[in-house]
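Notes for the structure review
Given next are the chains, with one letter for each unit.
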Amino acid sequence: MSLYGAVEAGGTKFVVAVGETPEEPREVARIATSNDPCETVAEVVRYFEQHGPVKALGVATFGPVSFETGCITTTPKLAWQNFPLRASFRDALRVPVALDTDVNGAALGEARWGAGRGVDDLVYVTVGTGIGGGALSGGRLVHGLMHSEMGHLLVRRAPGELPDFRGVCPFHGDCLEGMASGPSIEARWGRPAAELPTDHEAWQLEADYLAQACVNMACVLSPRVVVLGGGVMEQRHLLELVRARAEQLCNAYLPLPLIEAPQLRYPGLTGALALAKEAIG
Ligand code: ADP
Ligand code: ZN
């Protein structure tokens, strides 16, 4: 048996899987994220001892993360700050470990096997408790000084925005995450996003911010497909509103990417398996 291992590392849970090919994460399991990173890593390692052995591991993680050191960097989860995630797995499992962001993993998964099958230029955005985005450009995941932080794109106020609403991002207030994450919707309307009816004015505002993000991505990266995932996008009617608003904002200046829902059950895990495979060429 020749298995790859995958970890999608999140602030509340680590989702783990094995697979012979990236298309099919198997034995998917969830491990709660402990305040003590060593404890979480030990549990993940136990999982791979039981379900492996694996010949390489792909890790798609929350961030920010440094690809040079393989460490989580400035997370508000204090014990995780500067934690050497990549080295911990490498030392315990003694296999190659490839590390990327959760959203870069999801972008890779959706580009290879999901909503953008066969496409080399794709952006994946998750709209949930926070907003994050990852990009595949020319077939490569985008890295730079660090990695994309699309949740903190600066956006302009949507028409009809409540005049007193300042946004919820602790760093910037009214960036994309501040204005369009799940918690921002709840803060603005005093009710969880999932409880707002589909004809609530919240959704036109939400569509405006997400459409601004899509147009900005089109301007910077020229992706063929933008995939919008995460809890807020469970509002199925939202996708069409975003597409329509993006067309308006773009004003026929440039061709817009397709704006799609994710097609994979586990975009991040699928991408992590692909990273594992690439780790050993
Ligand atoms: P996380 O970002 O924490 O990994 P999710 O992607 O599930 O997790 O996002 C959680 C956020 O999505 C919460 O803010 C929640 O209010 C919002 N959310 C979850 N389900 C829905 C829904 N059906 N409609 C609108 N918002 C939702
Ligand atoms: Zn911000």
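Please read all numbers here as calculations on a predicted model, not as lab measurements.

1. Considerations on the site of ligand 1
Near ligand 1 you find G128, T129, G182, P183, A193, A194, G230, G231, V232, E234 and Q235, and these make up its full shell. Between ligand 1 and the protein, one listed contact pairs an oxygen atom with a backbone N or O atom of G231 at 2.9 Å. In this structure, a nitrogen atom belonging to ligand 1 sits 2.8 Å away from a side-chain N or O atom of Q235. In isolation ligand 1 offers 570 Å² of accessible surface; the protein chains occlude 59% of this area. Of the residues contributing to the shell around ligand 1, the split by class is 4 nonpolar, 6 polar and 1 charged.

2. Considering the domain arrangement of the protein
How big an interface is tends to be reported as the loss of accessible area on association of its parts. Under the domain assignment used here, the protein contains domain 1 (4-101 + 265-279) and domain 2 (115-260). Put simply, the middle of domain 1 and the middle of domain 2, counted by C-alpha atoms, are 26 Å apart. Counting residues at the interface gives 7 residues for domain 1, matched by 6 residues for domain 2. Together, the buried faces of domain 1 and domain 2 total about 530 Å²; carbon and sulfur atoms form 67% of this surface. In terms of surface lost to domain 2, no three residues of domain 1 exceed P64, F67 and D100, which account for 55% of the buried area on that side. Scanning the region where domain 1 abuts domain 2 turns up 0 salt bridges. In this structure, the connection of domain 1 to domain 2 is made through 2 residue pairs in polar contact (both at pLDDT 80 or more). Split into classes, the residues belonging to the side of domain 1 that touches domain 2 amount to 5 nonpolar, 1 polar and 1 charged.

Definitions and cut-offs
Residues numbered from 1 in each chain as written. Chains lettered and ligands numbered in written order. Predicted model: local features only at pLDDT ≥ 70, side-chain atom pairs only at ≥ 80, totals over all residues. Heavy atoms only, no water. Near = heavy atom within 4 Å. Polar contact = N/O pair within 3.5 Å; in protein donor to acceptor, adjacent residues only side chain to side chain. Areas by Shrake-Rupley, 256 points an atom, 1.4 Å probe, with all protein chains shown as cover. Nonpolar A, V, L, I, M, F, W, Y, C, P; charged D, E, K, R; others polar. Domains from an automatic or database assignment. Contact = heavy atoms within 4.5 Å. Buried area = accessible area lost by both parts, 1.4 Å probe. Salt bridge = Lys/Arg side-chain N within 4 Å of Asp/Glu carboxyl O.

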